[in-house]
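Examination of the molecular architecture
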Amino acid sequence: LHERLPIEGSEDELQILAKTLNSMIDRLEISFAQIQQFTSDVSHELRTSLTILRGEIDVALNKDRSAEEYKSVLYSVMEEIVYLSDMVEKFLYLSTKTSDPNQIVSKVIDGIRLFEYVRNHLSSIAVNKKIELTFKTPETITFHGDEDLLRRLFVNLIENAIKYTPEGGTVAIHVTSKGKFAQIEVIDNGIGIPEEHLPYIFQRFYRVGDSRTRSQGGTGLGLSLCKWIVEVHKGTIEVRSKPHHGTTVILSLRHG
Ligand code: ADP
């Protein structure tokens, strides 16, 4: 920890300056600690993935295998690479956008066009999983914020809803206007989240269940990214869930 400047009782200019400097040092120290934590989380995740990849390839190279066996190794390797790509993409978002406020472009955004983009982006994943994906929006709706980040926010939330809902389920997006704010609900009838996990799901790398289960392909970064995006937009995000019944994410975002 760094030394702090002594502050006497009086409120002259030097004292005010000392106070300001002290609080800047406090903020810097918190930022450094966060960066350290982030770097160590990232390294840990990368190492785990690399260990898995090495293990798979080692086994394949150790003796001659049938074509089927090689294929199965390639599938596992591919799964791990998809996971790594997803993680790196989210890291880039978290590191570039959080460290450089100039990268955040605030403007009025046409909400209908935004949801069009999100629907086009996700409809094939929903169709593949036989999930009915529906959007209910007013005729016009605007948001105020960064289009790129808001797209990322909705894509992440709806991707989760699809991912954690079994085949044949439904994912519905309801958008309503409430005064200065738009309320957006992402409602699925999937596996739900046990109550004891709810306080932690916005933490980086937090996953319900086995964090190294690749079948769901998650990194545990999606919701932390969503929370950050909502905070940057001075909105709110809340999750209500009941195991085996489904999950609803409720967002409130400022109109344009
Ligand atoms: P992941 O990449 O694992 O999906 P997230 O940060 O997006 O990470 O979510 C954290 C955890 O919260 C997930 O691992 C999952 O267990 C749970 N979760 C998120 N969204 C849903 C949902 N719609 N239904 C059920 N569980 C969910």
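Residues numbered from 1 in each chain as written. Predicted model: local features only at pLDDT ≥ 70, side-chain atom pairs only at ≥ 80, totals over all residues. Heavy atoms only, no water.

Under an unreviewed UniProt entry, the name given to the chain is histidine kinase, and the source organism is Paenibacillus tianmuensis. The record held by UniProt for the chain lists under Subcellular location (unreviewed entry) the comment "Cell membrane". (UniProt positions renumbered as here; feature names shortened; annotations may be inferred.)

**Focus on the packing of aromatic side chains**
In the structure shown here, the tally under the stated rule is 5 aromatic pairs. Judged by centre distance (6.1 Å) and plane angle (55°), the ring pair of Phe115 and Phe135 falls under tilted. Taken as a pair, Phe115 in helix α3 (residues 111-128) and Phe135 in strand β2 (residues 132-136) lie far apart in primary sequence, 20 residues in all. We note that Phe115, like Phe135, is buried. (Phe/Tyr/Trp six-rings, centres within 6.5 Å; stacked < 30°, edge-to-face > 60°. Helix = DSSP H or I, 4+ residues; strand = E, 2+ residues; numbered from the N terminus. Buried < 20%, exposed > 50% of the residue type's maximum accessible area, 1.4 Å probe, protein only.)

**Here we look at the site of the ligand**
Taken together, 18 residues form the shell around the ligand, and within it Asn160, Tyr164, Arg207, Thr219 and Leu223 come nearest. The separation between an oxygen atom of the ligand and a polar side-chain atom of Lys163 is 3.0 Å. When the ligand sits alone it has 540 Å² of accessible area, and the protein chains cover 96% of it. Across the shell around the ligand, the residue classes break down as 8 nonpolar, 7 polar and 3 charged. (Near = heavy atom within 4 Å. Polar contact = N/O pair within 3.5 Å; in protein donor to acceptor, adjacent residues only side chain to side chain. Areas by Shrake-Rupley, 256 points an atom, 1.4 Å probe, with all protein chains shown as cover. Nonpolar A, V, L, I, M, F, W, Y, C, P; charged D, E, K, R; others polar.)

**Considering the environment of Lys136**
Within the secondary structure, Lys136 is located in strand β2. Judged by its relative accessible area of 54%, Lys136 is exposed. Separated by 39 residues in the primary sequence, Lys136 and Val175 place their C-alpha atoms 6.1 Å from one another. Apart from the residues lying within four places of it in its own chain, the contact partners of Lys136 are Ile173, His174 and Val175. (Contact = heavy atoms within 4.5 Å.)

**Re the packing of α3 against helix α4 (residues 147-163)**
Describing two packed helices takes the angle between their axes plus the distance from one axis to the other. It is the contact of α3 with α4, at a shortest axis distance of 10 Å, that shows an interaxial angle of 35°. When you trace α3 past α4, the crossing you get is right-handed. When α3 is examined against α4, the residues Arg113, Leu114, Phe115, Tyr117, Val118, His121, Leu122, Ile125 and Ala126 are found in contact with a partner set consisting of Glu147, Leu150, Arg151, Phe154, Val155, Ile158, Glu159 and Ile162. Considering only residue class, the contact of α3 with α4 consists of 12 nonpolar, 1 polar and 4 charged. (Axes fitted to C-alpha atoms, helices over the stretch in contact; angles between N-to-C directions. Left-handed = near helix turned anticlockwise from the far one by under 90°.)

**Comments concerning the sheet that holds strand β4 (residues 170-178)**
Overall, mixed pairing links the 5 strands, which are arranged β2-β4-β5-β7-β6 in an open sheet. The sheet is open, and its two borders are formed by β2 and β6 (236-242), each paired with just one other strand. Averaged over all pairs of adjacent strands, the angle between strand axes in this sheet comes to 10°, irrespective of strand direction. Sheet topology places β2 next to β4; 5 bridges connect them, and they run parallel. Directly across from Leu133, in β4, lies its bridge partner Val171. Strands in contact with α3 are β2, β4 and β5 (181-188); relative to β2, the strand with the most contacts, it is inclined by about 165°. (Pairing = 2+ DSSP bridges.)

**Quick word on a nonpolar patch on the surface**
On the surface, a cluster of nonpolar side chains totalling about 470 Å² of accessible area is made up of Leu5, Leu14, Leu17, Leu21 and Met24. Tracing the backbone shows Leu5 in the segment before α1 (13-62). (Patch = residues over 30% accessible without salt bridge, like charges linked within 9 Å, V, L, I, M, F, W, Y side chains within 5 Å. Salt bridge = Lys/Arg side-chain N within 4 Å of Asp/Glu carboxyl O.)

**Considerations on α3**
For α3, with 18 residues, the first-to-last C-alpha span of 26 Å sits near the 26 Å given by 1.5 Å per residue. The sharpest bend along α3 reaches about 45° and sits at Leu122. Residues of α3 that are buried: Gly111, Leu114, Phe115, Val118, Leu122 and Ala126. Contacts made by the buried residues of α3 are with β1 (107-110), β2, β3 (142-145), α4, β4 and β5. The opening residue of α3, the one whose side-chain oxygen lies 3.0 Å from the backbone nitrogen of Ile112, is Asp110. One or two residues past the end of α3 sits Lys130, with phi positive at roughly 55°. (Expected span 1.5 Å × (residues − 1). Bend = angle between axes of the 7 residues up to and from the residue.)

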